[in-house]
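Inside the fold
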Amino acid sequence: EDDFQFIFCEGCRKELPNLKLLTCLHTLCLDCLSENKPIGQCPLCRTAIPQASGIPDMDNLLFTNLQARLEIYKKIVGGVDLFCNNCKKAGEFWCSECKEFLCTRCFEAHQRYLKMESHKTMRVIDIRAGSFKDFLKGTGRTSNLSCSNPAHKSQIVSIYCKKCKRALCCSCALLDSHHAPFCDIRSETQRRQEELGTLSRELKQKRSGFEATYAGLKDEAARLERAQRETRELIRQRVEQLVGLIRREEEELLGLVEAGQEQGHRELSRELERVEGVLRRMEAGERLVEKMNLYATEQEVMDMQPFIKDSLEELQQLPVAGDRTQPGDFVECRARLQAL
C-alpha cells in the first residue's frame, strides 16, 4: 500500500533488509551506504556519518520488522499455497506470536495448550479480506519483551529498572537487590513514546524558524541577482559614453561586480545547503516518530528510543540562523561611477 512506502530505503527506494538508521534520522540500506562511504555524509541532507566504516551501528528495527510482516501479508493475499508448519496440511490460521501457519487440527491443539500465553491467531481468509493496516493491528503490538538474562529466557519482561536503565523479569528484580527503583515496563514504554512525541512537537515549533530563515535566504539570493543585473546595465550605459578612454575602467568594474556576486552566491549557497539539510533531518525525525507511534512494538521502542531521542535533542540545539556575512550592494562600483 502507498501508506507504507516509508519502510523502503530512502536512497534507492527499494525494499531491502538490514536498514540502518543514521544520526540525522534518515534510513538507508547497506548498498547505498557502501556507495556513499568515500563521501562520509548522508546523501539526503549531507550530515556527517560518525562511524569510520560509513555504516551506522543502529538498525532501524521498526522498518525491518514492518518489512517482515509485509512479506507475510503479501504471501497470504498473493494466492500462494500456505501449509501448516507442523503437519504440512493446508494452513488456515496464522499465529503472530509463533509466526507459524496452522491447519484446523493443529490450531485446536495450539489453542488448547497455549490459551494461557495470550497467543493471538487470525484466520487466513480474514487476513485476505482485510488490509495490511488491519493485519498490523492484529500482530503489531502482541509481542512481549523477553528477559536479557539467558537463564530467564522464558520469562516475560514486565519491570523497568530506572537505575540501570533496562527491562527486567520478575526473577531478576527479586534476586538482584541492586535494581531499584522499579516501574512497570508498559509505563516506561508509554513514557518514552510521550517523550518522543514532546520532542517532535517542540521540533515542529523550531522548524518554523528554519523555514523562515530558508525563505529569507531565497529572497536575499533573488535580490542579489536583481542587484547584479541592474549594476551591470548601469555600468554598460556609463562606459559606452566614454568609449576608448575608459575601457579599462569598464573591465575593472565588471570584474568587481562578478567577484562580489560570486562571493555572495557562495555564502548564500552554503547557508541554503545547511538549512535545507537541517529541514530534511527534521522531516525525517517527525516522520520516524509518527511511524514509531503508529506501528512500533514495545521492543522496538525500548531499543530505538534512546538513539532517536539523542538525534532529536541534537537537532534542537542547532541555531536557526548561522553566522554569515551579508553580501554587498556594489557600493564601491557606484562610488567609482559617480566619480567618473
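Residues numbered from 1 in each chain as written. Predicted model: local features only at pLDDT ≥ 70, side-chain atom pairs only at ≥ 80, totals over all residues. Heavy atoms only, no water.

A count of helices and strands for the chain gives ten helices and eight strands. Burial statistics for the chain: of 340 residues in total, 41% are counted as buried. Summed over its atoms, the accessible surface of the chain is roughly 19,000 Å², and 49% of this surface lies on carbon and sulfur atoms. (Helix = DSSP H or I, 4+ residues; strand = E, 2+ residues; numbered from the N terminus. Buried < 20%, exposed > 50% of the residue type's maximum accessible area, 1.4 Å probe, protein only. Areas by Shrake-Rupley, 256 points an atom, 1.4 Å probe, with all protein chains shown as cover.)

Turning to the sheet that holds strand β3 (residues 93-95), a few remarks are in order. Taking strand neighbours across the sheet as the criterion, the three strands line up as β4-β3-β5 in an open arrangement whose pairing is antiparallel. Single-partner strands in this sheet number two, and they are β4 (100-102) and β5 (121-123). Geometrically, the sheet is characterised by an average inter-axis angle of 30 degrees between neighbouring strands, direction not taken into account. For β3 and β4, the ladder comprises three bridges, and the chain directions are antiparallel. Residue pairing in the sheet places Cys95 in a bridge with Glu100 of β4. (Pairing = 2+ DSSP bridges. Axes fitted to C-alpha atoms, helices over the stretch in contact; angles between N-to-C directions.)

The next point concerns the nonpolar core. Grouped together as the largest cluster of nonpolar side chains are 66 residues, with contacts concentrated most on Leu62, Phe135, Leu288, Met292, Ile308 and Leu312. Looking at this core, the elements that each hand over two or more residues are α1 (30-35), α2 (61-77), α4 (124-129), α5 (132-139), α7 (185-240), α8 (247-295), α9 (298-317) and α10 (331-339). Sort the elements by how many residues they give to this core and α8 lands first, with 13 residues. (Core = buried A, V, L, I, M, F, W, Y, C linked by side-chain atoms within 4.5 Å.)

Mapped onto the elements of the fold, Phe330 is located in the loop between α9 and α10. When the C-alpha atoms of Phe330 and Gly260 are compared, they prove to be 7.4 Å apart, with 70 residues separating the residues in sequence. Setting aside residues up to four positions removed in sequence, Phe330 forms contacts with Leu224, Ala227, Gln228, Thr231, Val257 and Gln261. (Contact = heavy atoms within 4.5 Å.)

The next thing to look at is α7. Residues that lie three or four places apart on an α-helix share one face, since the helix turns once every 3.6 residues. Taking 1.5 Å per residue, 56 residues should reach 82 Å; α7 reaches 81 Å between its end C-alpha atoms and fits that length. In α7, a bend of some 25 degrees at Gln205 exceeds every other bend along the element. (Expected span 1.5 Å × (residues − 1). Bend = angle between axes of the 7 residues up to and from the residue.)

For the rest of this paragraph, the subject is the packing of aromatic side chains. Taken as a whole and judged by the stated rule, the model has three aromatic pairs. With 3.8 Å between their ring centres and 5 degrees between their planes, Phe93 and Phe107 make a pair best called stacked. Of the two residues, Phe93 is situated in strand β3 and Phe107 in helix α3 (residues 104-113); the sequence distance between them amounts to 14 residues. The class for Phe107 is buried, based on a relative accessible area of 17%. By the ring-pair criterion, three or more aromatic residues cluster together here, those being Phe6, Phe63 and Tyr295. (Phe/Tyr/Trp six-rings, centres within 6.5 Å; stacked < 30°, edge-to-face > 60°.)

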